[in-house]
Amino acid sequence: MKFFADTAEIDDIKELAATGLLDGVTTNPSLIAKSGRDFMEVTKEICGITDGPVSAEVVALDHETMMKEAEVLRKIADNVCIKVPLTIDGLKTCKALTDDGTMVNVTLCFSANQALLAAKAGATFVSPFVGRHDDNGVNGMDLIRDISQIYDNYAFETEILVASVRHVTHVLESALIGADVMTAPPKVIKALFNHVLTEKGIEGFLKDWESTGQSIT
Ligand code: E4P
């Protein structure tokens, strides 16, 4: 399963990239606003940190303007992935861009039928939002299971990008289902490393090692 960081914070992206575990980055207008940075500038900087896809979202609602925005965004770097909303105009834009060889991430997917449409429109990635479903009293992971089955039924190549990930259990369940990608805030990705028994184990080993009076170097 590929790991994307869901952030526009450069320091966090650099830190995760240094682990060798970062496969890409997703941003959205809210994350850009939170970063306080210029959209084009920060997107270019992110594209220079990772070789993987960097999702940059259009803000227009009509197909024609989405295409114009995509034209600007895809010139930023070769690894820019155009993010479009799951609407009729968004999917028209998705079809036109992917036919042209541009990566597209169809975002704001909340139903398996919507994911079916995204795959038929040739999306590179579809982003079902699990956390926002959970917030609404619906099990977000059930949506991932349904999309996974539909994509398997028809051998669609669109990758399932689990989005709106809020905790490590979302990551675990995504991997058990076999999702292609998950995108999570840096703090969730960092939390994947933690286990109290790992910490306790290190502490015990170091204490015993010190008692030997030896050194490795
Ligand atoms: C995905 O690409 C979105 O940027 C993101 O996962 C949304 O997450 P949120 O529901 O925590 O805002």
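See the structure shown above.
Residues numbered from 1 in each chain as written. Predicted model: local features only at pLDDT ≥ 70, side-chain atom pairs only at ≥ 80, totals over all residues. Heavy atoms only, no water.

**Focus on the pairing of strand β3 (residues 54-57)**
Here comes step 1: The alternating pattern of β3 places Val54 and Ala56 on one face and Ser55 and Glu57 on the opposite face, and all of these are buried.
Here comes step 2: Bridge analysis of β3 against strand β4 (residues 80-85) gives four bridges, and the strand direction is parallel. Across the sheet, the residue bridging to Ala56 is Ile82, located in β4.
Here comes step 3: Between the parallel elements β3 and β4, the chain passes through helix α4 (residues 63-74) in a crossover that is right-handed. (Buried < 20%, exposed > 50% of the residue type's maximum accessible area, 1.4 Å probe, protein only. Helix = DSSP H or I, 4+ residues; strand = E, 2+ residues; numbered from the N terminus. Pairing = 2+ DSSP bridges. Right-handed = clockwise from strand over helix to strand, strands pointing away.)

**Some details on the pattern of salt bridges**
Here comes step 1: Throughout the structure, instances matching the rule amount to 12 salt bridges.
Here comes step 2: Where Glu159 meets Lys2, a salt bridge forms, and the shortest distance between an N and an O atom there is 2.8 Å. Of this pair, Glu159 sits in strand β7 (residues 159-162) while Lys2 sits in strand β1 (residues 2-6); the two residues are 157 residues apart in sequence, bridging distant segments of the chain.
Here comes step 3: Note on Lys2: relative accessible area 32%, which makes it partly exposed.
Here comes step 4: Linking Glu173 and Arg145 is a salt bridge whose minimum nitrogen-to-oxygen distance equals 3.7 Å. Of this pair, Glu173 sits in helix α9 (residues 168-177) while Arg145 sits in helix α8 (residues 140-154), and the two are 28 residues apart along the sequence.
Here comes step 5: Since its relative accessible area comes to 36%, Arg145 is described here as partly exposed.
Here comes step 6: One network of salt bridges, in which partners are shared, links Asp12, Glu15 and Lys190. (Salt bridge = Lys/Arg side-chain N within 4 Å of Asp/Glu carboxyl O.)

**Here we look at unusual backbone geometry**
Here comes step 1: Of note, the phi angle at Ala155 is positive, near 50 degrees, even though the residue is not glycine.
Here comes step 2: Assignment of secondary structure puts Ala155 in the loop between α8 and β7.
Here comes step 3: Residue class for Ala155 comes out exposed when judged on its relative accessible area of 61%.

Nothing here speaks to function; it is geometry throughout.
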